[in-house]
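Structural features, examined
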Amino acid sequence: MSQWYAIYTQPRSETLARDHLARQGFEVFLPLYQKRRSHARRVDIVSAPLFPRYMFVSFNAGEASWRVIRSTRGVVDLVRIGLDPVRISDSIIEEIRRRRDEQGFVILAKHLNLKRGARIRIDAGPFVDYEAIFESQRDEERVVALLSLLGREVVVELPIRAVVPA
């Protein structure tokens, strides 16, 4: 029975590894998202791996044919504990797939669905464990919130991945 496993790839070689594994007949899943990139006063959107240097492959660990994965172009090794590849739950793969849009990109920001005035908790960065009031979403990567500091409300801009609903 096929199960999902994680693969560790060479730097920036996720698509190379995906293509070579697919040609060998493996079911491969490389979750991508649309990343905002700024360079030389130009901003564009590019696709990027959700987990840089990692991807997923499905195979039957009881068969010997999966051992070719380690010698596939772009692959460093399977993620392991000791000698055994680490199995990834089907529910994790399905949850990532469920969060994809029509083009197949994983949606990161829209899952918060916060309304202005909602309470949020900051779980990363210098304001970790503070609560704030959600004001707006600036773009796909940042939110604007009101934070109570030193007895007054201060407007702060935070990475969207650093906040959770309170």
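Details of the structure are given in the entry above.
Source: prediction; values computed, not measured.

1. Quick notes on the nonpolar core
Residues Ile7, Leu21, Phe26, Val57, Phe59, Ile69 and Leu78 are the most contacted members of the largest nonpolar core, which totals 16 residues. Among the secondary structure elements, those contributing two or more residues to this core are β1 (3–9), α1 (14–23), β5 (54–59) and β6 (75–78). Broken down by element, the residue count for this core peaks at three residues, all from β5. In contact with Phe59, other than residues within four places in its own chain, are Met1, Ser2, Gln3, Tyr5, Phe26, Trp66, Ile69 and Leu78. Counting residues in hydrophobic clusters, the runner-up holds 12 residues, among them Ile122, Phe134, Leu158 and Val163.

2. Comments concerning the pairing of strand β13 (residues 152–159)
Across eight bridges, strand β12 (residues 142–149) lies against β13 in antiparallel orientation. The partner of Ala145 across the bridge, within β13, is Val156. Counting the residues in the hairpin turn of β12 and β13 gives two residues, including Leu150, whose phi is positive at 50°.

3. Focus: the pairing of strand β3 (residues 32–39)
Direction of pairing for β3 relative to strand β4 (residues 42–49): antiparallel, over a ladder of eight bridges. Bridge assignment links Ser38 to a residue of β4, and that residue is Val43. Counting the residues that bridge the hairpin from β3 to β4 gives two residues, and of these Ala40 lies at a positive phi of roughly 50°.

4. Observations concerning the layout of surface pockets
Within this model, the second largest pocket holds a volume of roughly 230 Å³. When contributions to the lining of the second largest pocket are tallied by element, the ones reaching two or more residues are α1, β3 and β4. Along the lines of polarity and charge, the residues of the lining of the second largest pocket split into six nonpolar, two polar and four charged.

5. Section: the pattern of salt bridges
With the rule as written, the count across this model stands at 11 salt bridges. The partner of Arg97 in a salt bridge is Glu27, with the nearest N and O atoms 3.8 Å apart. Pair noted here: Arg97 is in helix α2 (residues 90–98) and Glu27 is in strand β2 (residues 27–29), with a separation of 70 residues, a long-range link. With relative accessibility at 42%, the residue Glu27 sits in the partly exposed group. The partner of Glu95 in a salt bridge is Arg98, with the nearest N and O atoms 2.6 Å apart. You can see Glu95 and its partner Arg98 sitting in helix α2, three residues apart, about one turn around the helix. Connected via shared salt-bridge partners are Glu27, Glu94 and Arg97.

6. Overview of the sheet that holds strand β10 (residues 119–122)
Strand order in the open sheet made by the five strands is β13-β12-β11-β10-β14, with antiparallel pairing throughout. Across the chains shown, the open sheet's two edge strands, defined by having one partner strand only, are β13 and β14 (163–165). The average angle at which neighbouring strand axes cross in this sheet is 45°, direction not considered. Pairing between strand β11 (residues 131–137) and β12: five bridges, direction antiparallel. Within β12, the position partnered with Ser136 by the bridge is Val144.

Calculation criteria
Residues numbered from 1 in each chain as written. Predicted model: local features only at pLDDT ≥ 70, side-chain atom pairs only at ≥ 80, totals over all residues. Heavy atoms only, no water. Core = buried A, V, L, I, M, F, W, Y, C linked by side-chain atoms within 4.5 Å. Buried < 20%, exposed > 50% of the residue type's maximum accessible area, 1.4 Å probe, protein only. Helix = DSSP H or I, 4+ residues; strand = E, 2+ residues; numbered from the N terminus. Contact = heavy atoms within 4.5 Å. Pairing = 2+ DSSP bridges. 1 Å grid on protein atoms, 1.4 Å probe; cavity = no way out; pocket = protein on both sides within 12 Å on 5 of 7 lines; lining within 4 Å. Points joined across faces, edges and corners; volume = space filled by probe spheres on them. Nonpolar A, V, L, I, M, F, W, Y, C, P; charged D, E, K, R; others polar. Salt bridge = Lys/Arg side-chain N within 4 Å of Asp/Glu carboxyl O. Axes fitted to C-alpha atoms, helices over the stretch in contact; angles between N-to-C directions.

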